[in-house]
Amino acid sequence: MSKWLSLSLTLALMGCQQSLTPIIPLIQRPLLHSFQQNSTLHNTLLKLTELEFKALDRNNDQVLSYPETDYDPEMFHAFDQNHSDTLSLEEFQPDEERMATFENYLKQFYQETFQQMDHDHDQHITWQELSSSGSLLLSLEPADQDIFEITTQANFLSFPQFEQFMGEFAQKVFQEDLQTFKSSKPPVVMVPGFLEPSFILRLSFSRMLRQEGFKPYTVSMLPHWNNIEKQAQQVVRKVEQATSDSGSPHVHLMGHSMGGLTSRYYLKNLGGLTQIGD
């Protein structure tokens, strides 16, 4: 298992031989999108942002100090609107433009997942289709059927009901990640892709990692995104947290999509190679 984790970054980077230089200006350009607010997705993101805030608020004082966040100093102070050297939940939450972009991302992710699981193409998903999808997109357990039954009055989910199910499921997995978990193994730091909320990786890997005895940590790109250099600084902060919590001098690093490029920048330019386990 640990060898697989150590190789996961390499797999994420396969085919990405180009220099980082042309990529960074590209992702700093304004994002254009056509958007109509979806209340289900909007509420899901607000609830997950609150859970992310709670996870970072390690002394439970209802505000985030700089050491509690993954942000670099410039990013932190940019969001500290009242210059209090702390972030309130309101300051931590994404602004309207970012929220809209995240909702569009989620909508696309949910549509692709729904189509993949709808084996008989009848525009509905049964629990059997959901639980036997054989996909790493969701790490479902039999107990999750309770969420399925609460979400629908029938024996299947329509797409709007599937959106609701995914929101409830994401919150459940996130809550599981907040629980105390002791491990003698090096922790695993997961780096999401561009615009990818951290809970997407949690849905796929958190349970599996805990079952194998690994404590997962996820770099949060929600509620704000940034360029590769600044995201790599967030990786530095999360690795520091993971090693401090666990007492392990090393971590395993997983990167998905642009998270692989961010991880490579961290390894190449920020001393990350000294933090990676065998």
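You'll find the structure just up there.
1. Points about the pairing of strand S5 (residues 188–191)
Residues Val-188 and Met-190 point to one face of S5 and Val-189 and Val-191 to the other, with burial holding for every one of them. Where S5 and strand S6 (residues 216–218) come together, three bridges link them in parallel fashion. By the bridge assignment for S6, Val-189 is matched with Tyr-217. For the segment spanning S5, helix H10 (residues 198–211) and S6, crossover handedness is right-handed. Bridge analysis of S5 against strand S7 (residues 252–255) gives four bridges, and the strand direction is parallel. Pairing of Val-188 across the sheet is with His-252, part of S7.

2. Quick notes on the packing of helix H9 (residues 159–178) against H10
Between H9 and H10, the least distance of the axes is 9 Å, while the angle of their chain directions is 50°. It follows from the interaxial angle that H9 and H10 lie oblique. Seen along the crossing, H9 lies across H10 with a hand that is left-handed. On H10, the residues that touch Met-166, Phe-169, Ala-170, Lys-172, Val-173, Phe-174, Glu-176 and Asp-177 of H9 are Phe-199, Arg-202, Leu-203, Ser-206, Arg-207 and Arg-210. Counted by class, the contact of H9 with H10 contains seven nonpolar, one polar and six charged residues.

3. Considering the nonpolar core
Formed by 29 residues in total, the largest nonpolar core has its most connected members in Tyr-110, Leu-130, Phe-162, Phe-165, Met-166, Phe-199 and Leu-203. The set of elements that each furnish at least two residues to this core consists of helix H3 (39–56), helix H6 (96–117), helix H7 (127–131), helix H8 (145–151), H9 and H10. Looking at this core, the element that brings in the most residues is H9, giving eight residues.

4. Thoughts on unusual backbone geometry
Of note, the phi angle at Asp-85 is positive, near 65°, even though the residue is not glycine. Along the chain, Asp-85 falls in the loop between helix H4 (73–79) and strand S2 (86–87). Of note, His-121 is a non-glycine position whose phi angle comes to about 55°, a positive value. Along the chain, the position of His-121 falls in the loop between H6 and strand S3 (125–126). Using a relative accessible area of 63% as the deciding quantity, one classes His-121 as exposed.

About the criteria used
- Residues numbered from 1 in each chain as written.
- Predicted model: local features only at pLDDT ≥ 70, side-chain atom pairs only at ≥ 80, totals over all residues.
- Heavy atoms only, no water.
- Buried < 20%, exposed > 50% of the residue type's maximum accessible area, 1.4 Å probe, protein only.
- Helix = DSSP H or I, 4+ residues; strand = E, 2+ residues; numbered from the N terminus.
- Pairing = 2+ DSSP bridges.
- Right-handed = clockwise from strand over helix to strand, strands pointing away.
- Axes fitted to C-alpha atoms, helices over the stretch in contact; angles between N-to-C directions.
- Parallel < 35°, antiparallel > 145°, perpendicular 65-115°, else oblique.
- Left-handed = near helix turned anticlockwise from the far one by under 90°.
- Contact = heavy atoms within 4.5 Å.
- Nonpolar A, V, L, I, M, F, W, Y, C, P; charged D, E, K, R; others polar.
- Core = buried A, V, L, I, M, F, W, Y, C linked by side-chain atoms within 4.5 Å.

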